[in-house]
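Observations on the model geometry
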Amino acid sequence: MSALPASSAPPGPSNAPIQRAAASLALADVDFRHPGGRAVFRGLHLAAAPGEFLVLLGPSGCGKSTLLNLLAGFLAPDSGSVAVNGHAARPEMPELGYVFQQPQLFPWLSALDNVQFGLKTAGRLAPAAQRAKALDFLRLVGLEDAAALWPHQLSGGMRQRVALARALAPEPALLLADEPFAALDAISRRRMNEELLRLWAALGQTVVFVTHDIEEAIFLADRIVVLGRAPAGIAAEFRVDLPRPRQLLETSRHPRFLALRDQLLECIAHVTESLA
Ligand SMILES: Nc1ncnc2c1ncn2[C@@H]1O[C@H](COP(=O)(O)OP(=O)(O)O)[C@@H](O)[C@H]1O
Ligand SMILES: [Mg+2]
């Protein structure tokens, strides 16, 4: 997998300019249970500022995916409110980009066509401009040479980069990512983390990123929200005051990184103890 060259510029003014829009998020007093299931959230409050990189961390089953699906408007709260930019969340909102754990690419479309698909459905650009912009975003994730390849010809990491390019090309004000790199090997995952931060620095959207990996959480986040056993909701919050831009080796050796890792290990141990 080739790393994104440090000199890569974000898509330039030749196409639609980057808007650098970022969404605010607010969940207030949210109750939710899946039909026939137990309560996942009771009275949950959570907010994110425009441009914030928020990481949700917690053990399996604590409600991370449910929370993302509420933010995306795929699920509606039983009571309380979920607002994106002050309006009730709904799946067709133009602000939204979503990356899933398994890259959901269309197998019958090339890498480039997969990225262009998101722009077609957004419907704001003429086809030639869509194509140019799709190529810009493939370049941004280091895959311009793979534009004509089919998903089955790509490695897992490359597929996830295409999925990321597809989600980012319409310049979402809010990027929701549900353990997007969990299926990758440790080295590819670290590289993708670094690249995601580079893209985020260029594009400036609000991000809610789900993981159960403590080091990934610290490396990426402005703020980490740890979820406890459902329906406990938020068990703890950590502000990650590490300098940016972050680099793999340098950041993971930083004394604050190591201190945060200890605190989070302890916190997660408590949370999982209460799960037993
Ligand atoms: N579609 C569903 N129907 C019923 N229960 C569900 C459904 N999806 C998730 N759950 C339950 O809701 C809880 C939270 O699940 P989920 O949000 O997927 O957790 P996480 O992503 O943190 O692993 C779990 O107890 C899970 O079993
Ligand atoms: Mg999940």
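Right, let's walk through the structure included here.

1. A word on the packing of helix α2 (residues 111–122) against helix α3 (residues 127–140)
In contact at an axis separation of 9 Å, α2 and α3 are set at 120° when each is read in the N-to-C sense. Here α3 runs oblique to α2, going by the angle between their axes. The interaxial crossing formed by α2 with α3 has right-handed handedness. Every residue of α3 that contacts α2 at A111, L112, V115, Q116, L119 and K120 is listed here: Q130, R131, K133, A134, L135, F137 and L138.

2. Topic: the nonpolar core
Counting 80 residues, the largest nonpolar core has L71, L138, A165 and L176 as the members making the most contacts within it. No other element matches helix α4 (residues 156–168), which puts seven residues into this core. Residues from two domains meet in this core; each of domain 1 (23–95 + 174–276) and domain 2 (101–171) gives at least three.

3. Here's the deal with the sheet that holds strand β3 (residues 53–57)
Across the sheet, which stays open at both edges, the six strands sit in the order β6-β7-β8-β3-β9-β10 with mixed pairing between neighbours. The open sheet terminates on both sides in strands that have one partner only, identified here as β6 (96–99) and β10 (234–239). When strand polarity is set aside, the average angle formed by the axes of neighbouring strands in this sheet is 15°. Relative to β10, strand β9 (residues 223–227) is paired through five bridges, and the arrangement is antiparallel. Among the inter-strand pairings, R223 is bridged to a residue of β10, identified as R239.

4. Some points on the pairing of strand β2 (residues 39–48)
Two strands pair when backbone bridges link them, and strand β1 (residues 25–33) and β2 are joined in this way by six bridges, in the antiparallel orientation. Note on β2: the bridge partner recorded for F32 is F41. The loop that links β1 with its antiparallel partner β2 comprises five residues; one of these, G36, has a positive phi angle of about 80°.

5. A look at the sheet that holds strand β4 (residues 79–84)
The strand order across the open sheet built from four strands is β2-β1-β4-β5, with neighbouring strands paired in antiparallel fashion. Unpaired on one side and paired on the other, β2 and β5 (87–88) mark the two borders of the sheet. Lying on the sheet, helix α1 (residues 64–71) is in contact with β1, β2 and β4; it crosses β1 at an angle near 120°.

6. A look at the site of ligand 1
What surrounds ligand 1 is the set H34, G37, V40, G58, S60, G61, C62, G63, K64, S65, T66 and A230. Per-element tally for the shell around ligand 1: the top contributor is α1, with three residues. Split by residue class, the shell around ligand 1 holds three nonpolar, eight polar and one charged.

Definitions and cut-offs
- Residues numbered from 1 in each chain as written.
- Chains lettered and ligands numbered in written order.
- Predicted model: local features only at pLDDT ≥ 70, side-chain atom pairs only at ≥ 80, totals over all residues.
- Axes fitted to C-alpha atoms, helices over the stretch in contact; angles between N-to-C directions.
- Helix = DSSP H or I, 4+ residues; strand = E, 2+ residues; numbered from the N terminus.
- Parallel < 35°, antiparallel > 145°, perpendicular 65-115°, else oblique.
- Left-handed = near helix turned anticlockwise from the far one by under 90°.
- Contact = placed C-beta atoms within 7 Å.
- Core = buried A, V, L, I, M, F, W, Y, C linked by C-beta atoms within 7 Å.
- Buried ≥ 20, exposed ≤ 12 C-beta atoms within 10 Å, placed from the backbone.
- Domains from an automatic or database assignment.
- Pairing = 2+ DSSP bridges.
- Near = placed C-beta within 6 Å.
- Nonpolar A, V, L, I, M, F, W, Y, C, P; charged D, E, K, R; others polar.

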